Amino acid sequence: MKLTILGGGGFRVPLVYGALLGDRAEGRVTHVVLHDLDSRRLSAVTRVLAEQAAGVPDAPEVSATTDLDEALRGADFVFSAIRVGGLEGRANDERVALAEGVLGQETVGAGGIAYGLRTVPVAVDIARRVARLAPDAWVINFTNPAGLVTEAMSRHLGDRVIGICDSPVGLGRRIARVLGANPAEAWIDYVGLNHLGWVRGLRVAGRDELPRLLADPDLLGSFEEGKLFGVDWLRSLGAIPNEYLHYYYFNREAVRSYQQADKTRGAFLADQQARFYEEMKRPDAAALTAWDRTRAEREATYMSENRETAGAGERDADDLSGGYEKVALALMRAIARDERTTLILNVRNQGTLSVLDEDAVIEVPCLVDANGAHPVAVAPLPDHATGLVCSVKGVEREVLAAAESGSRATAVKAFALHPLVDSVNVARRLVEGYTDVHPGLAYLV
Ligand code: G6P
Ligand code: MN
């Protein structure tokens, strides 16, 4: 079984490889091909993987290439985890937005639109190549903004592309934990778009346990989302939102704290990773130790500005190991071995949410087997959530249209229609600002 990882020089690749090393079953991945545009990053990551594999019998073989077509040929699975424009691009997304007083987060608001506008053309090119060179491969998209990018790729790959994110799983796991339930036995009633979903129920042995959580302020205030959103707001909603909804519900505070921070998240990670890749140039560097130290620091500081505005304190130790690689591996196993399972994934709607058309990619529990991911029927969203989901999907559609046509006016429309951008004039200046700093947006005319 051959797995190709696009963005193979990326920092989180060792998480995926670590998960593969733990998989001893028949039909597992035996060959990993790393593809990246940057050969220096490829050799840094290859060194970390070699240290991870030391002493593990039959560790998957690793090769690296900067030739995309060569990487794709013969692949059974393709993981796409690219970052167009790099972390400097992410920092610029934040900076330009914050200068206009709006959010520049990589997946939410103006920053997500800018990142989407430069990623979609690259993702579409990859999808076309996969369709030509590896038509039977399954593509697992990690590339953010994951819902939008998966939808762009699905126009060329249909249901052979599946988007993943670890945040709904983490959320479900936390809720199960505070309720004293085994996450493996719980049914999580979650739906929305990527980074824009709500848990409306959690069933154990056929009974919804969420009302018990909502009725108990101590329990509710004891975990990440309770601290982030506050007990009163969660009770008003009657649901537990994905952590990224903090950027919507507490937008003003989030923008202000990002403006006041020494460094935005993107700038912090750009510096942190530059140090890591620099260290990897030394032939005597302990690659795995340096990687692990860097990873731990990254995880501990995740969403720290949001937690600070909410007075939420440090992250729980149990929440630190994201689990993104576990979702990827579980998905691949279910498909490759026909091990039927349920996972929350980004797939085409196909009638699941009646307010969206069939091809809109949504985030929803899916049954997964050798035939792919099949969304399950869910209860409709409440009106306030439907409103947000529809307006953000409308924005995503404008991003896709702008990427396809190269129309600057359509890009302005995408920014202007976003609920977190408060003026058409701001949208116009954002397009100016972003096209000035991003060579990847030169196609917008
Ligand atoms: C969560 C999100 C991902 C995101 C990751 C890393 O897991 O679901 O989409 O890539 O956090 O965030 P960071 O700010 O560390 O890059
Ligand atoms: Mn995510």
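Look up a bit, the structure's there.
Nothing here was measured: the structure is a model prediction, and the numbers come from that model.

**Concerning the overall build of the protein chain**
Here is step 1: The helix and strand tally for the protein chain stands at 20 helices and 13 strands.
Here is step 2: Relative to its length of 445 residues, the protein chain is compact, with a C-alpha radius of gyration of 21 Å against a globular reference of 22 Å.
Here is step 3: Sorting the 445 residues of the protein chain into buried and exposed places 58% on the buried side.
Here is step 4: Within the protein chain, contacts between residues separated by at least 24 positions form 70% of all contacts whose residues are at least 6 apart in sequence.
Here is step 5: Summed over all atoms, the accessible surface of the protein chain reaches about 17500 Å², with 50% contributed by carbon and sulfur.
Here is step 6: Computing the positive centroid from 49 side-chain charges and the negative centroid from 61, the protein chain places the two 2 Å apart.

**Here's the deal with the pattern of salt bridges**
Here is step 1: A complete count under the given rule lists 36 salt bridges for this structure.
Here is step 2: Two residues, Asp271 and Lys263, come together in a salt bridge whose shortest N-O distance is 2.9 Å.
Here is step 3: According to the relative accessible area criterion, Asp271 is partly exposed, its value standing at 34%.
Here is step 4: The residue Glu398 makes a salt bridge to Lys413 at a minimum N-O spacing of 3.5 Å. Placement of Glu398 in helix α18 (residues 383-405) and of Lys413 in helix α19 (residues 408-417) is noted, with a sequence separation of 15 residues between them.
Here is step 5: Each of the salt bridges in this network shares a partner with another, and the network as a whole consists of Glu151, Arg155, Asp357, Lys393, Glu396, Arg397 and Glu404.

**As for the coordination of the manganese ion (ligand 2)**
Here is step 1: Summarising the metal site, the manganese ion (ligand 2) is bound by the protein donors Cys165 (SG) and His195 (NE2), whose distances to it range over 2.3 to 2.4 Å. Here His195 lies in the loop between β7 (186-193) and β8 (196-204) and Cys165 lies in the loop between β6 (161-163) and α7 (167-178), a separation of 30 residues in the sequence. Accessibility classification places Cys165 together with His195 in one group, the buried group.

**Brief notes about the site of ligand 1**
Here is step 1: Looking at ligand 1, there are 13 residues lining it, with Arg90, Asn144, Asp166, Arg265 and Arg298 nearest.
Here is step 2: Within the side chain of Arg265, an N or O atom sits 2.8 Å from an oxygen atom of ligand 1.
Here is step 3: Between Arg298 and ligand 1, the recorded distance is 2.7 Å, taken from a side-chain N or O atom to an oxygen atom.
Here is step 4: Burial of ligand 1 by the surrounding chains reaches 91%, relative to a free accessible area of 390 Å².
Here is step 5: Residues of the shell around ligand 1, tallied by class, amount to four nonpolar, three polar and six charged.

**Observations regarding the pairing of strand β13 (residues 372-375)**
Here is step 1: Summarising the sheet, strand β12 (residues 361-369) and β13 pair through four bridges and their orientation is antiparallel. For Asp369, the partnering residue across the bridge sits in β13 and is Gly372.
Here is step 2: Between β12 and the antiparallel strand that follows it, β13, lie two residues.

Basis of the calculations
- Residues numbered from 1 in each chain as written.
- Chains lettered and ligands numbered in written order.
- Predicted model: local features only at pLDDT ≥ 70, side-chain atom pairs only at ≥ 80, totals over all residues.
- Heavy atoms only, no water.
- Helix = DSSP H or I, 4+ residues; strand = E, 2+ residues; numbered from the N terminus.
- Rg over C-alpha atoms; globule rule 2.2 N^0.38 Å.
- Buried < 20%, exposed > 50% of the residue type's maximum accessible area, 1.4 Å probe, protein only.
- Contact = heavy atoms within 4.5 Å.
- Areas by Shrake-Rupley, 256 points an atom, 1.4 Å probe, with all protein chains shown as cover.
- Lys, Arg positive; Asp, Glu negative; His and termini not counted.
- Charge placed at Lys NZ, Arg CZ, Asp CG, Glu CD.
- Salt bridge = Lys/Arg side-chain N within 4 Å of Asp/Glu carboxyl O.
- Donors = N, O, S within 2.8 Å, 3.2 Å for Na, K, Ca; no water.
- Near = heavy atom within 4 Å.
- Polar contact = N/O pair within 3.5 Å; in protein donor to acceptor, adjacent residues only side chain to side chain.
- Nonpolar A, V, L, I, M, F, W, Y, C, P; charged D, E, K, R; others polar.
- Pairing = 2+ DSSP bridges.

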